[in-house]
Every structure is written in structure tokens, then in C-alpha cells.
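# Fold and contact review
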Amino acid sequence: MGARPEQRDEGLGPVEAEESGGGRAVPVRLPERLSVRDQVLDALREAIVTGELAPGSVHSGPALAARYGVSATPVREAMQALAREGAVDVLPNRGFRITERSARDLAELAEVRALLEVPVLLALARALPAGRWAELLPLAEETVAVAARGDRAAYAESDRAFHRALLGLSGNLQLVAVAEDLHRRAQWPAADAPLPLRPAALLADAAEHNVLLEALIAGDLRTVESLAREHVSPARR
């Protein structure tokens, strides 16, 4: 999708942005398949998930616009979207602060996710034939492949895609939307989290998708409940 008319003069490819110390300029590449606002949003999401924009750090709109070679408008729109996702706090007349998520915040998110997702999975496990769960195996394998690359941002996307498909079998679109919002909020790094997450940790998380599907295919409700609760727990991360 092309840029909106008022944004045609904004860079869509690699651009030059100065490093924080005012030294050598470094290129920042934005994906070309999306609108400028969505390009910036994707780039900012990746920078936050990977810890490049650290929890607690403050960034002005003009500085981010210069970083990505665009005007202030798409940056402001992207940051407002991130604020709605719980990734940043808006600071009037200052810019945006990357949210400092505490261990308690993550525990509360995990509790809500478990309350929402576990009963749905158990109900679906009782109602759906094994073949429906087997259809999700390629998505589970994809999360493993992405995790093996150690790409935290790409893994966050594939992880949500798997869970979206899992809960999507309920046919309840509102449930899926609420669950995905909670999932995304749980993926933003905590202030004290070690970054970047090691590939081994990503692989361990991804492997649980296959184990969960195996339990669902086997109709093992006790294991499904145990795995589903454990999978969303922040303690194991």
C-alpha cells in the first residue's frame, strides 16, 4: 500500500539517522509494504520488544521522526497506537516514555490470560475432533523455526499468530481480540528483564505449543489445563 498523499515526500527505504551521541549516521530501514504510519509502528514495536528502546527511556517525536526519516505525523500516530497497546506512556510536551512493566504487572496479565484462555481451551478440547487441532501443527512448527533464529520480534508475532488461531477455533472474534491485546501487553519487556532473550529460551517457549497440541489431540484435559496455565506464567520466562 502506498503512502498517503501528504506523506509522499517521506522516506520509505533506508534513511540516515544520527546516533544518540551525535556521531556517525546509521541507516534505519523501514519495510516497504505498508503505509508510512504502519512502517514506523512496526519498526517501533520491534525496537521495544528487542530492548533497543529500553523500558523507562524517553523519546521525543522529532527525534524519532529523524531516526526513521519521516515527518512527525506518522510517528505521533504510531506512538498513540502503542499507547493504546500499553507499550508507551504519553508525556505532554516531552514525548513518549517506554512503559516500565513490573513483575506484578506481568503476573496480573498472566492471571487474566489464564482466566480467559484456559476455560475456552478446555471447552474446545471437549467439543472438537483431533483433526481440528492437528491443522494447527504447521503454525506451531513455524514458531519453533522462528525461535531457532533468535529473532525476538519475529517470534512475538508468530507466537501471537499461533494463539490467535488456537482461540479462533471458538468462533468468538471478540474473545480473540481481547486475548490478543492481553498477549501483546504481556510481551512488552519488563524493566528488569534480560535482553535480548536467548534462542534457547525462545525455543523452550515455542516447544510448548507442540506439546499443548499433542495434549489437545489426545483429549488429555488435565495436561491441557496444566500446560495452558504454565505457558502464560511470567515466572517461567
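In what follows, the accompanying structure is described. Since this is a predicted model, take the numbers as computed values, not measurements.

To continue, consider helix α3 (residues 72-84). With 13 residues, α3 should reach 18 Å at 1.5 Å per residue; the first-to-last C-alpha distance of 19 Å fits that figure. Buried residues belonging to α3 abut α1 (36-49), α2 (61-68), β4 (88-91) and β5 (95-98). Of the residues trailing α3, Gly86 is marked for its positive phi of about 80°.

Our next topic: unusual backbone geometry. The phi dihedral of Asn93 is positive, around 65°, even though this residue is not glycine. Tracing the backbone shows Asn93 in the loop between β4 and β5.

Per the stated rule, a full pass over the model turns up 14 salt bridges. A salt bridge links Arg67 to Glu52; the nearest nitrogen and oxygen atoms lie 2.1 Å apart. In this pair, Arg67 is assigned in helix α2 and Glu52 in the loop between α1 and β3 (58-59), connecting sequence segments 15 residues apart. On the basis of relative accessible area, Arg67 is assigned to the partly exposed category, the value being 23%. A salt bridge links Glu117 to Arg113; the shortest N-O distance between them is 3.0 Å. Separated by four residues within a single helix, Glu117 and Arg113 lie in helix α4 (residues 103-127), roughly one turn from each other. Residue Glu117 shares its accessibility class with Arg113, and that shared class is buried.

Spatial strand order, β3-β5-β4: three strands in an open sheet with antiparallel pairing. The sheet is open, and its two edges are formed by β3 and β4, each paired on a single side. The pairing of β4 with β5 spans four bridges and is classified as antiparallel. Bridging across to β5, Leu91 finds its partner in Gly95. Strands in contact with α3 are β4 and β5; relative to β4, the strand with the most contacts, it is inclined by about 120°.

Conventions and cut-offs
- Residues numbered from 1 in each chain as written.
- Predicted model: local features only at pLDDT ≥ 70, side-chain atom pairs only at ≥ 80, totals over all residues.
- Heavy atoms only, no water.
- Helix = DSSP H or I, 4+ residues; strand = E, 2+ residues; numbered from the N terminus.
- Expected span 1.5 Å × (residues − 1).
- Contact = heavy atoms within 4.5 Å.
- Salt bridge = Lys/Arg side-chain N within 4 Å of Asp/Glu carboxyl O.
- Buried < 20%, exposed > 50% of the residue type's maximum accessible area, 1.4 Å probe, protein only.
- Pairing = 2+ DSSP bridges.
- Axes fitted to C-alpha atoms, helices over the stretch in contact; angles between N-to-C directions.

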